[in-house]
Structures are given as C-alpha cells and as structure tokens.
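What follows is each chain in one-letter form.
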Amino acid sequence: MNVSVKNAFKFFPVFFFVLLLSNCDTKVKKTASESAEPISYLALGDSYTIGTGIEQENNYPNQLADSLATLGFQVDTALIIATNGWTTSDLKNGIAEHNPSSDFNLVSLLIGVNNQYQWLDIKLYKAEFRELLEQAIGFVGGDSRKVFVISIPNYGVTPFAQSKEPETIRRKISEYNSIAEDISGEYDIPFINITPISEVAEEDLSLLASDELHPSTKMYSMWVEEMLPTVTHILEP
C-alpha cells in the first residue's frame, strides 16, 4: 500500500472523532435554540414600573425585555399593569380590571411607595402585598420560581422630597422593604434590592427624570443590570 494512503488511514479515526464531536455540538446548540420557550413577561406596580417622566419604552420592564433579547432569550410580550400613584389597593383593582391570563412565565412586583407616601396603615400593606404576591404566582400557573420582587426606591434623597422629612421617608421605606423581603422569602421568591442604587441620585441628578423624583432611563439601566443575574437564572431551563 502507498505510504501516503497508510498515513491517511492512520489519522482517519481521529478526524472522524473530531468531526463527530463538532456535529454533536452544532446539533445541541440548534436544539437548545429551537426548544427555548418564548418569554411572556408581566410587570405589576406603580409609577416606578411605568416610568413616569420618561419615554415608557425606557422603563425597567421594557429595558429588561430588551436586555434579555440581547442575551438570546425569545421575548414574546411585556405587559405592564401599573399607573402613577397606585397603592396596593389600586393595583389589586387594576389587576381585576385587566384580568390577565395565568400563562405568563415571568412576573415582577414592585409596589408600596404610595402606601407610604399617603401614610396608610402599614398593616394594610402587609396584608395586600401578600395577596398581590399570591396573585403574581397565579399568573405563572402557580410556579413561584418564575416571580421576582423589586424593592421600593428611597425617594427621600430626591430634590422633590427635601421638604418632606427625608430621614423619616428613608426609615419608612426600609420598613416596607423589610416586610416585602420577608414575605417574598416565605414563598422562596427572589427579592432584588435596588434601593441603594436609587440613593446614588442624591449625588447624581442624571439618575432622575425631569420631575426630580422618578428614575431616569440611566437609573433604570442600573436597575436592570442588578436584576439580570437573578432573572436569567429564573429563565434557565
């Protein structure tokens, strides 16, 4: 037999093995891409959720959806049920009016600042936050692993609040967040603490919208950066 032919046969098993691995890898990637479930995202909240003072395409739910799409997730819908000034009671009424389905696979909840701003009984928040969280779980078909909670920002650092007892606001917001975190923990639901980010606005007004109260697009981007590790973990197969 010709020497070159012998050498070809000598290395053929190695070549075949490498080719086989390459084909398998391509097949796995293709299958993973094809089997990825489109994300249907529901965001529940108030002015902090809709993005009061900025273009709504730049609020955190839409920025989160865009970031997930950039990472390769298939984002189907991003539905927002939220209105400026809503308390927990208002959100409950808004949910009843919209009557969302129970086939979402990602739900976020951020609520409570207007309970504090209106000096409502904190016991009301404790009861209604639990009810809202249980509703959120229902919107993902009962799978609490697909829900996450976001902390209430500390608006006490904003120019808007400087004449409204900023330290009292900070203390009360902290109390509300402790309640939300504790209840979320009972259901093994992630609690994402963006409050420290909100407090950076005390030194950087570019983090606030033109009303000098609500987050700017820039601050929402920082929130989303904080959320992404948790959210991508939630969405992993």
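Here is what the cut-offs are and how they apply
Residues numbered from 1 in each chain as written. Predicted model: local features only at pLDDT ≥ 70, side-chain atom pairs only at ≥ 80, totals over all residues. Heavy atoms only, no water. Helix = DSSP H or I, 4+ residues; strand = E, 2+ residues; numbered from the N terminus. Buried < 20%, exposed > 50% of the residue type's maximum accessible area, 1.4 Å probe, protein only. Contact = heavy atoms within 4.5 Å. Areas by Shrake-Rupley, 256 points an atom, 1.4 Å probe, with all protein chains shown as cover. Salt bridge = Lys/Arg side-chain N within 4 Å of Asp/Glu carboxyl O. 1 Å grid on protein atoms, 1.4 Å probe; cavity = no way out; pocket = protein on both sides within 12 Å on 5 of 7 lines; lining within 4 Å. Points joined across faces, edges and corners; volume = space filled by probe spheres on them. pLDDT = per-residue confidence, 0-100. Pairing = 2+ DSSP bridges. Axes fitted to C-alpha atoms, helices over the stretch in contact; angles between N-to-C directions. Nonpolar A, V, L, I, M, F, W, Y, C, P; charged D, E, K, R; others polar.

Undergrad: I'm lost on the overall build of the chain in this one. Help?
TA: Across its full length, the chain carries 9 helices and 5 strands. Helices (α) and strands (β) of the chain occur, in sequence order from the N terminus, as α-β-α-α-β-α-β-α-α-β-α-β-α-α. The buried share of the chain, reckoned over its 237 residues, is 44%. Once local pairs closer than 6 in sequence are excluded, the contacts in the chain between residues at least 24 apart make up 76%. Carbon and sulfur atoms make up 54% of the accessible area of the chain, which amounts to about 12500 Å² in all.

Undergrad: Please clarify how the pattern of salt bridges should be interpreted in this entry.
TA: Note that side chains of opposite charge can pair when their charged atoms are close. Using the criterion set out here, one finds 7 salt bridges in the structure. Residue Glu167 pairs with Arg170 through a salt bridge whose shortest N-O separation is 2.5 Å. With Glu167 and Arg170 both in helix α7 (residues 166-186), this residue pair falls 3 residues apart, about one helical turn. A relative accessible area of 43% places Glu167 in the partly exposed class.

Undergrad: Would you take a moment to explain empty space enclosed by the protein for this structure?
TA: Gaps left between atoms are located by rolling a probe of water-molecule size over the structure's atoms. With the rule as written, the count across this model stands at 1 cavity of 30 Å³ or more. In this structure, the largest cavity encloses a volume near 50 Å³. Looking at the largest cavity, the residues that line it are Tyr48, Pro153, Asn154, Tyr155, Thr158, Ser198, Ala201, Leu208, Leu213, Pro215 and Met219.

Undergrad: What should I look at first to understand the confidence of the model for the chain in this one?
TA: The predicted structure's coordinates, where accompanied by low pLDDT, should not be read in detail. The pLDDT averaged across the chain works out to 88; a share of 85% of its residues lies at or above 70. Below a pLDDT of 50 lies the segment residues 1-35, which in the model reaches 2 contacts outside its immediate sequence neighbourhood of four places, other chains included.

Undergrad: Got a minute to help me understand the side chain of Thr158 in this structure?
TA: Its place among the elements puts Thr158 in the loop between β4 (147-150) and α7. Those residues in contact with Thr158 that lie beyond four places of it in its chain are Leu208, Glu212 and Leu213.

Undergrad: What am I meant to see in the sheet that holds strand β5 (residues 191-192) here?
TA: Adjacent strands of a sheet form backbone hydrogen bonds with each other and so pair up, either parallel or antiparallel. Taken together, the 5 strands give an open sheet; going across it, the order is β2-β1-β3-β4-β5, and neighbouring strands pair in parallel fashion. The sheet is open, and its two borders are formed by β2 (75-82) and β5, each paired with just one other strand. Strand direction decides the pairing type here: strand β3 (residues 106-109) and β4, joined by 3 bridges, are parallel. Looking at the pairing, Ser108 lines up with Phe148 of β4. The sheet strands contacting helix α3 (residues 60-70) are β1 (39-45), β2, β3 and β4, and the helix crosses β2 at an angle near 165°.

Undergrad: In this structure, what is going on with the layout of surface pockets? I would like to understand it.
TA: In this model, the second largest pocket occupies a volume close to 170 Å³. When contributions to the lining of the second largest pocket are tallied by element, the ones reaching two or more residues are α2 (47-50) and α5 (113-117). A per-element tally of the lining of the second largest pocket places α5 first, with 3 residues. Considered class by class, the residues forming the lining of the second largest pocket number 6 nonpolar, 5 polar and no charged.

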